[in-house]
Amino acid sequence: MSGAVHSVRDESRTHPLCVDLDGTLISTDLLWESLVSAARAHPWIVVAAPVWMTFGRGYLKDRLARLASIDFATLPYRPEVLRFVTAAKDEGRPVILATAADSRLAFGVATHLGIFAEVLSSTSACNLKGAVKAGALESRFGAGHFDYLGDSRADIACWRLAHDAISAGVMPTREVPHLRRIGADHRTPRMRATAVLRALRPHQWLKNLLIVVPAVAGHRLEWPVGLALAVAFTCLSLCASGGYILNDLLDLSADRLHTRKRHRPFASGLLPVPTGLALIAACWAAGFGIAAPLLPPAFAMVLAIYLMATIAYSLQLKTVAVLDVMFLAGLYVLRVIAGGLAISLTPSTWLLTFTLFVCLSLALLKRYIETSRSSSVVPGRGYVPQDAGWLQTAGIASAYLSVLVLAIYVNSDDVSALYSRPERLLLVCPILLYWATKVWFDAHRGHTHDDPLVAVATDKTTYILAALTAAIVTSAS
């Protein structure tokens, strides 16, 4: 079988340039792209895909392509390869897209680029890869009568039959002595290692410091408590990183429309989707594997709830306006609860309420920044530019409510059991009011990073106010 052939343009010249798609023309693989795209809209595909695979890889690709929604304009095209192929087309050579991708997706790419004379691709009955693709090219053009541009060892059979063998990736020169390379290797081990670290988003682990709050608020600062919290922080950070990667995989199309997020490892194609799936499994397994023997069972239960909540958020809830920010705030509160359970301490309702309002304000801030900087519907979210004013109002109100909760707590009977001079804690209220107002004022003027956590963490004012707060709390003890 030779796969599907779609005629895009009518040109006939000798030695056409045949170009691979996955990993060559684009930095990603459309099989995996279609899997995550289809799974986001239809989660049951996670169960169905292995069954479809039993009917052959071509059948699997066909089923996924029918259900996936791929934006061909935002795919991570490799510029050096696209320039090379376009130059060949401009010279009058027929350029052929020869790919193992499903015919629907391959033809979508060809139609978008408008540079291919023909498209050879997979069908439900034929997976056009390796020796099968080589056979199709030999049948279509004849051995030695076509040039071939690929990127992986799966292309060796095609390179051996090609007149000019060109690589945009690996260089198996022993098997293909006449192979030559264009461009630089875009996935060196060092680049991959750096990309993996970026995908884990260690800077976001700052959020997990919330697990320390119950111990600090309850004056539980003993060495065993610190050790337990360190283990809990590690477990929660690992599970959170797995969640961030899942969110990135499900958000590929939306991220590619964002000025900054399009450079993320998976959106840019620097890391392949299978690597992301492996990292998710490794992070989650390590997180629960460490928690199970070292921390109370209640902590592991909350960790599981946190994990299920992040999955639900990534799959659907982040697209539902209002509910998404409430859910994000709830995840912050779960971190505080997890910190208490790690040391067998139940956080007070005062602490949980205060955390809820502060974190709801930060969640609203994140959406406000995205919405105020967008000229249309925010990709992958449920907001439009007209919502910016409402988000700002709700966010400031939430921040001020957190100050009110703190003021009421200072005047409650509960505080006297922990502090000898509780009235001094009232001095924290104006500090918190100033911090919240300044954060929102900077965002209103467009001076804030699009990630509020980064904005807060890189602002020296945050650390000055934190030091003042610590001094006040110490003096009140």
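Now for a look at the structure at hand.

Rules of the game
- Residues numbered from 1 in each chain as written.
- Predicted model: local features only at pLDDT ≥ 70, side-chain atom pairs only at ≥ 80, totals over all residues.
- Heavy atoms only, no water.
- Salt bridge = Lys/Arg side-chain N within 4 Å of Asp/Glu carboxyl O.
- Helix = DSSP H or I, 4+ residues; strand = E, 2+ residues; numbered from the N terminus.
- Buried < 20%, exposed > 50% of the residue type's maximum accessible area, 1.4 Å probe, protein only.
- Phe/Tyr/Trp six-rings, centres within 6.5 Å; stacked < 30°, edge-to-face > 60°.
- Expected span 1.5 Å × (residues − 1).
- Polar contact = N/O pair within 3.5 Å; in protein donor to acceptor, adjacent residues only side chain to side chain.
- Contact = heavy atoms within 4.5 Å.
- Core = buried A, V, L, I, M, F, W, Y, C linked by side-chain atoms within 4.5 Å.
- Axes fitted to C-alpha atoms, helices over the stretch in contact; angles between N-to-C directions.
- Left-handed = near helix turned anticlockwise from the far one by under 90°.
- Nonpolar A, V, L, I, M, F, W, Y, C, P; charged D, E, K, R; others polar.
- Disulfide = S-S within 2.5 Å.
- Arc of directions from axis to C-beta.
- Pairing = 2+ DSSP bridges.
- Right-handed = clockwise from strand over helix to strand, strands pointing away.
- Patch = residues over 30% accessible without salt bridge, like charges linked within 9 Å, V, L, I, M, F, W, Y side chains within 5 Å.
- Areas by Shrake-Rupley, 256 points an atom, 1.4 Å probe, with all protein chains shown as cover.
- Parallel < 35°, antiparallel > 145°, perpendicular 65-115°, else oblique.

The tally for this structure, following the rule as stated, stands at 22 salt bridges. A salt bridge links arginine 104 to aspartate 62, with the nearest nitrogen and oxygen atoms 2.7 Å apart. Taken together, the residues arginine 104 in helix H5 (residues 103-113) and aspartate 62 in helix H3 (residues 57-67) connect sequence positions 42 residues apart. By relative accessible area, which is 37% here, arginine 104 ends up partly exposed. A relative accessible area of 8% means that aspartate 62 is categorised as buried. Salt-bridge contacts for arginine 220 lead to glutamate 222; the nearest nitrogen and oxygen are separated by 3.6 Å. Residue arginine 220 is classed as partly exposed on the basis of its relative accessible area of 26%.

This next bit is on the packing of aromatic side chains. Within this structure, the stated rule accounts for 5 aromatic pairs. Between phenylalanine 141 and phenylalanine 146 the ring centres are 6.3 Å apart and the planes differ by 45°, which places this aromatic pair in the tilted class. Phenylalanine 146 matches phenylalanine 141 in its accessibility class, with the two residues each being buried. Judged by centre distance (5.8 Å) and plane angle (55°), the ring pair of tryptophan 350 and tyrosine 409 falls under tilted.

The subject of this paragraph is helix H10 (residues 223-250). With 28 residues, H10 should cover 40 Å at 1.5 Å per step; its first-to-last C-alpha distance of 41 Å lies within 8% of that length. When you tally the buried positions in H10, you get 20 out of 28 residues, the bulk of the element.

Here the focus is the side chain of asparagine 247. With respect to the helices, strands and loops of the structure, asparagine 247 is situated in helix H10. Polar side-chain contacts of asparagine 247 include one of 2.7 Å to the side chain of lysine 318. Not counting chain neighbours up to four residues away, the residues in contact with asparagine 247 comprise Arg201, Tyr313, Ser314 and Lys318.

Ile245, Leu295, Phe299 and Tyr368 are the most contacted members of the largest nonpolar core, which totals 77 residues. At 14 residues, the largest contribution of residues to this core is made by H10. Ignoring sequence-local partners within four residues, the contact set of isoleucine 245 consists of Ala199, Leu200, Phe266, Gly276, Leu279 and Ile280.

Taken N-terminus to C-terminus, the directions of H10 and helix H14 (residues 323-342) make an angle of 145°; their axes are 9 Å apart at the nearest point. In the crossing of H10 with H14, the sense of the turn from one axis to the other is right-handed. Side by side, H10 and H14 meet where Ala228, Leu229, Ala232, Leu236 and Tyr244 of the first sit next to Arg335, Gly339 and Ala342 of the second. The residue inventory of the contact of H10 with H14, partitioned by class, reads 6 nonpolar, 1 polar and 1 charged.

Turning next to the state of the cysteines. Using the criterion set out here, one finds 0 disulfides in the structure. In this structure cysteine 235 is not part of a disulfide, and its nearest cysteine sulfur, from cysteine 239, lies 7.1 Å away. Distance from the sulfur of cysteine 359, which forms no disulfide, to the nearest cysteine sulfur (cysteine 429) is 17 Å.

With that settled, consider helix H20 (residues 460-476). With 17 residues, H20 should cover 24 Å at 1.5 Å per step; its first-to-last C-alpha distance of 25 Å lies within 8% of that length. Among all positions in H20, only Thr461, Thr462, Leu465, Ile472 and Ala476 are buried. Angularly, the buried residues of H20 cover 95° about the axis, an arc narrow enough to put them on a single face. For H20, exposure combined with an orientation more than 90 degrees from the buried face picks out Lys460, Tyr463 and Thr474. Contacts from the buried residues of H20 go to helix H18 (428-444) and helix H19 (452-457). The N-capping residue of H20, defined by a side-chain oxygen 3.0 Å from the backbone nitrogen of threonine 461, is aspartate 459.

Turning to the pairing of strand S5 (residues 147-150), a few remarks are in order. Burial along S5 is two-sided: the face carrying Asp147 and Leu149 and the face carrying Tyr148 and Gly150 are both buried. Relative to S5, strand S2 (residues 17-19) runs parallel, the two sharing 3 bridges. Bridge pairing links valine 19 to leucine 149 in S5. Sheet topology note: the S5/strand S6 (residues 165-167) ladder contains 3 bridges and is parallel. What sits directly across from tyrosine 148, in S6, is alanine 165. Taken together, S5, helix H7 (residues 156-161) and S6 constitute a β-α-β crossover, and its handedness is right-handed.

Side chains of Leu206, Leu209, Val212, Val216 and Leu221 sit close together on the surface and give an oily, nonpolar patch of about 430 Å² of accessible area. The residue valine 216 is located in helix H9 (residues 213-217) in this model. Of the residues examined, valine 216 reaches a relative accessible area of 43% and is grouped as partly exposed.

Counting buried positions along strand S4 (residues 118-122) gives 5 out of 5 residues, so the element sits mostly inside the fold. With 4 bridges connecting them, strand S3 (residues 95-102) and S4 associate as parallel partners. By the bridge assignment for S4, isoleucine 96 is matched with glutamate 118. Note on the crossover from S3 through H5 to S4: the handedness is right-handed.

On to the packing of helix H1 (residues 30-41) against H3, then. Between H1 and H3, the least distance of the axes is 9 Å, while the angle of their chain directions is 45°. Regarding the angle of H1 to H3, the classification is oblique. Seen along the crossing, H1 lies across H3 with a hand that is left-handed. In this structure, H1 uses Leu31, Ser34, Leu35 and Ala38 to contact H3, whose residues at the interface are Arg57, Leu60, Lys61, Leu64 and Leu67. The residue inventory of the contact of H1 with H3, partitioned by class, reads 6 nonpolar, 1 polar and 2 charged.

Quick look at unusual backbone geometry now. At histidine 219, a position not held by glycine, the phi torsion is positive, near 55°. With respect to the helices, strands and loops of the structure, histidine 219 is situated in the loop between H9 and H10. Histidine 219 sits in the partly exposed class, given a relative accessible area of 32%. Backbone geometry places serine 344, a non-glycine residue, at a positive phi of 55°. Relative to the helices and strands, serine 344 is located in the loop between H14 and helix H15 (349-372).

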